[in-house]
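Observations on the three-dimensional arrangement
If you want the building blocks of each chain, they are given just below.
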Amino acid sequence: MSEIRVASRYAKSLLDLAEERGTLEQVKQDMDLFSKTLEQNRDLRLLLRNPIVQHDKKLAILRAVFGGKVSELTEKFFTIITQKNRESALEFIGTEFLSQYNVLRGVQVAEVITATPLTPELRAEVTKLVREQTGLQQVTLNEKVDEALIGGFILRVGDRQIDDSVRYRLRKLRNEFSKNPYQPLV
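**Describing the nonpolar core**
- Met31, Phe34, Phe77, Phe78, Leu90, Ile93 and Phe97 are the most contacted members of the largest nonpolar core, which totals 29 residues.
- When contributions to this core are tallied by element, the ones reaching two or more residues are α1 (3–21), α2 (24–40), α3 (42–49), α4 (55–66), α5 (72–83) and α6 (90–105).
- In this view, Phe97 contacts Ala11, Leu14, Leu15, Leu24, Val27, Lys28 and Met31; residues no more than four positions away in its chain are not counted.
- Formed by nine residues, the second largest nonpolar core is a distinct cluster that contains Leu118, Val126, Val139 and Leu155.

Structure below.
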């Protein structure tokens, strides 16, 4: 079974259990911390994927890193994952949990990349655009700055992307000029 499918099932189970016990917000914060830690720490990701390291060692490391920082439910979840030899799926479980949480709460996460930081007025316009595209009222914007865009923006909402950057337009124009049907006079 693929890691993504496994991650989706474990994330759904954790989400349902946390919601049933009334600790969904705490577990969401735990998974935010977990995903952020894995994103910033390549060694931890590699350790969790490493088949040579014993499962009890991986669990001890997870407890050392996250012990006291996460809820009891999350710690027990880590224990179950390591007992089932699914540590390699943990990084996908974190992102999948957050994705399913956003679907459950009706939150749309969008990424906007601009050449300069967004002003409050532009941020409001982009949020309004995302609301119109998705129909969801709660929008979370992840803002990134990439000066190579020259101007404009790239907006990613789910699996859709709107590229209205100057860099894209220049590339498109360059491709049009390369298809020149006219032959030069010799």
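**Section: the pairing of strand β4 (residues 160–165)**
- In this sheet, β4 lies alongside strand β3 (residues 152–157) in antiparallel orientation, the contact comprising six bridges. In the sheet register, Phe153 faces β4, and the bridge partner there is Asp164.

**A look at the packing of aromatic side chains**
- Per the stated rule, a full pass over the model turns up four aromatic pairs.
- Seen from their ring centres, Phe34 and Phe66 are 5.4 Å apart, and the 55° between their planes marks the pair as tilted. Taken as a pair, Phe34 in helix α2 and Phe66 in helix α4 lie far apart in primary sequence, 32 residues in all. Grouping residues by exposure puts Phe34 and Phe66 together as buried.
- A network of ring pairs unites the aromatic residues Phe34, Phe66 and Phe78 as a single cluster.

**Quick word on the packing of α2 against α3**
- Close contact between α2 and α3 brings their axes to 5 Å; oriented N to C, the two are set at 100°. In terms of axis orientation, α2 runs roughly perpendicular to α3. Residues Thr37, Leu38, Glu39 and Gln40 of α2 touch α3, and the partners they reach there are Arg42, Leu44, Arg45 and Leu48.
- Considering only residue class, the contact of α2 with α3 consists of three nonpolar, two polar and three charged.

Reading guide: rules and limits
Residues numbered from 1 in each chain as written. Predicted model: local features only at pLDDT ≥ 70, side-chain atom pairs only at ≥ 80, totals over all residues. Heavy atoms only, no water. Core = buried A, V, L, I, M, F, W, Y, C linked by side-chain atoms within 4.5 Å. Buried < 20%, exposed > 50% of the residue type's maximum accessible area, 1.4 Å probe, protein only. Helix = DSSP H or I, 4+ residues; strand = E, 2+ residues; numbered from the N terminus. Contact = heavy atoms within 4.5 Å. Pairing = 2+ DSSP bridges. Phe/Tyr/Trp six-rings, centres within 6.5 Å; stacked < 30°, edge-to-face > 60°. Axes fitted to C-alpha atoms, helices over the stretch in contact; angles between N-to-C directions. Parallel < 35°, antiparallel > 145°, perpendicular 65-115°, else oblique. Nonpolar A, V, L, I, M, F, W, Y, C, P; charged D, E, K, R; others polar.

Interpretation note: all reported values are geometric properties and have no functional meaning in isolation.
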